[in-house]
Amino acid sequence: TNMFNEAVNLIGENGTTYNSSHIGKDYAKIDKTSTPGYLTKNYPKGVYAKLYDTNSDSMGDTLVLNDTPLFTYEGTLINDYENKDNNSIQTENGTELPIWFKYNNTDVKTIEIMDDIEPVSGYYLLGDFRALKEIKNINKINTKNIKNMSYMFYATGSTSTDFNLDLGNNFDTSSATTMQKMFYCTGSGSTIMSLDLGDKFDTSDVVNMEGMFNATG
């Protein structure tokens, strides 16, 4: 059949482009490296992450977050969390850990937010990255509707010699109700550490601030 006849603008998920020699139903499938096609999976809105080595030392030093798994980054891909776990790694309301938290992130020095993301929970979202030096584009995290910010930056940067956290002008906490240990031990081992809560850090509705700044810096 001529299922894709003259559909010249088609591009599959893995980059397969239209070929007039392949216009039948055999190309009506999700585009993968081993099985090319013209279709793309409909991924749910969420927070997706990939771990990259940017220093050619086979260590995962950069964690990249995006609202879709269909992205690439400079360096060597070490771990594609979406493909490993076969689902969106958007955190759930309450106390479900982000999938990347379940793996060894001790070598991560940089977290970069590639595109706008809208997590439904901040629970350990950027927590326990102890060797972290910087978070790039933190302004691309839409925090406006997040209620749970517990442990969000827990121990992050705590073994880094230099860690500065600036939440910027877009880190809106007006919906937050719990910030338990949000900055617990953040940058605690750093010789140079600064924390700027930004312009939209609002605690009006917060009912739990237990240990919020314990051992920070």
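Residues numbered from 1 in each chain as written. Predicted model: local features only at pLDDT ≥ 70, side-chain atom pairs only at ≥ 80, totals over all residues. Heavy atoms only, no water.

Colleague: Break down the environment of phenylalanine 183 for me, citing the residues and quoting the values.
Modeller: For phenylalanine 183, the position within the fold is in the loop between strand S6 (162-166) and strand S7 (192-196). Judged by relative accessible area, which is 0%, phenylalanine 183 ranks as buried. When the C-alpha positions of phenylalanine 183 and serine 150 are compared, they lie 8.6 Å apart, and in sequence the two are 33 residues distant. Leaving out residues up to four positions away in the same chain, phenylalanine 183 has contacts with Phe153, Leu165, Leu167, Leu195, Leu197, Phe201, Met212, Phe213, Asn214 and Thr216. (Helix = DSSP H or I, 4+ residues; strand = E, 2+ residues; numbered from the N terminus. Buried < 20%, exposed > 50% of the residue type's maximum accessible area, 1.4 Å probe, protein only. Contact = heavy atoms within 4.5 Å.)

Colleague: Describe unusual backbone geometry, and please don't skip the residues or the numbers.
Modeller: Positioned with a positive phi, tyrosine 124 is a non-glycine residue whose angle comes to about 55°. Considering the arrangement of structural elements, one finds tyrosine 124 in the loop between strand S4 (110-113) and strand S5 (134-136). The residue aspartate 128 is not glycine, and still its phi comes out positive at about 70°. With respect to the helices and strands, aspartate 128 occurs in the loop between S4 and S5. Note on aspartate 128: relative accessible area 26%, which makes it partly exposed.

Colleague: Provide a residue-level description of the confidence of the model for the protein chain, including the pertinent values.
Modeller: Close reading of the predicted structure is inappropriate where its pLDDT is low. Looking at the protein chain as a whole, the pLDDT averages 88, with 92% of positions reaching at least 70. Contacts of residues 84-93 to residues separated by more than four positions or lying in other chains number 34 contacts, the stretch itself having pLDDT below 50. (pLDDT = per-residue confidence, 0-100.)

Colleague: Hey, could you go over the sheet that holds strand S3 (residues 76-80) for me, with residue numbers and the actual values?
Modeller: The strand order S3-S1-S2-S4-S5 describes an open sheet built from five strands, whose pairing is mixed. On the outer flanks of this sheet lie S3 and S5, each paired with one strand and no other. Averaged over all neighbouring strand pairs, the angle between strand axes comes to 25°, with direction disregarded. With four bridges joining them, strand S2 (residues 62-66) and S4 adopt parallel strand pairing. Counterpart to threonine 62 in the pairing with S4 is threonine 110. (Pairing = 2+ DSSP bridges. Axes fitted to C-alpha atoms, helices over the stretch in contact; angles between N-to-C directions.)

Colleague: How would you explain the nonpolar core if you had to name every residue and give the values?
Modeller: Counting residues in each nonpolar core, the largest one holds 34 residues, and the members touching the most others are Leu63, Leu65, Trp100, Ile111, Phe153 and Met182. Mapped onto this core, the elements with two or more residues apiece are strand S1 (48-53), S2, S4 and S6. Apart from the residues lying within four places of it in its own chain, the contact partners of phenylalanine 153 are Leu126, Gly127, Ile135, Ile138, Leu165, Leu167, Phe171, Met182, Phe183, Tyr184 and Thr186. (Core = buried A, V, L, I, M, F, W, Y, C linked by side-chain atoms within 4.5 Å.)

Colleague: An account of the pairing of S2 is needed here, citing residue identities and associated values.
Modeller: Of all five residues that make up S2, five are buried, and the element is covered over most of its length. Where burial is concerned, the two faces of S2 agree: the one with Thr62, Val64 and Asn66 and the one with Leu63 and Leu65 are both buried. In the sheet, S1 pairs with S2 via five bridges, with the strands oriented antiparallel. What sits directly across from tyrosine 52, in S2, is threonine 62.

Colleague: Lay out the side chain of threonine 173 with the relevant residues and their values.
Modeller: Within the secondary structure, threonine 173 sits in the loop between S6 and S7. Looking at threonine 173, the relative accessible area reads 0%, which means it is buried. Once residues within four sequence positions are removed from consideration, threonine 173 is found in contact with Met149, Met179, Lys200, Phe201, Asp202 and Thr203.

Colleague: How would you summarise the side chain of serine 158 if you had to cite specific residues and measurements?
Modeller: With respect to the secondary-structure elements, serine 158 resides in the loop between S5 and S6. Among the polar contacts made by the side chain of serine 158, one reaches the main-chain carbonyl oxygen of alanine 155 at a distance of 2.8 Å. Ignoring any residue separated from it by four or fewer positions in sequence, one finds serine 158 in contact with Arg130, Cys185, Gly187, Ser188, Gly189 and Ser190. (Polar contact = N/O pair within 3.5 Å; in protein donor to acceptor, adjacent residues only side chain to side chain.)

Colleague: Got a sec to walk through the packing of aromatic side chains? Specific residues and values, please.
Modeller: All chains considered together, the criterion is met by 15 aromatic pairs. Each ring, one from tyrosine 124 and one from tyrosine 154, has its centre 5.7 Å from the other, and the planes form 70°; the classification is edge-to-face. Within this pair, whereas tyrosine 124 is found in the loop between S4 and S5, its partner tyrosine 154 is found in the loop between S5 and S6, the two being separated by 30 residues in sequence. This pair shows no difference in class: tyrosine 124 is buried, exactly as tyrosine 154 is. Every member of this aromatic cluster is reached through a ring pair, and the members are Phe101, Tyr123, Tyr124, Tyr151, Tyr154 and Tyr184. The ring of phenylalanine 71 carries the charged tip of lysine 50 above its face, separated from the ring centre by 4.6 Å. (Phe/Tyr/Trp six-rings, centres within 6.5 Å; stacked < 30°, edge-to-face > 60°. Lys NZ or Arg CZ within 6 Å of the ring centre and 35° of its normal.)

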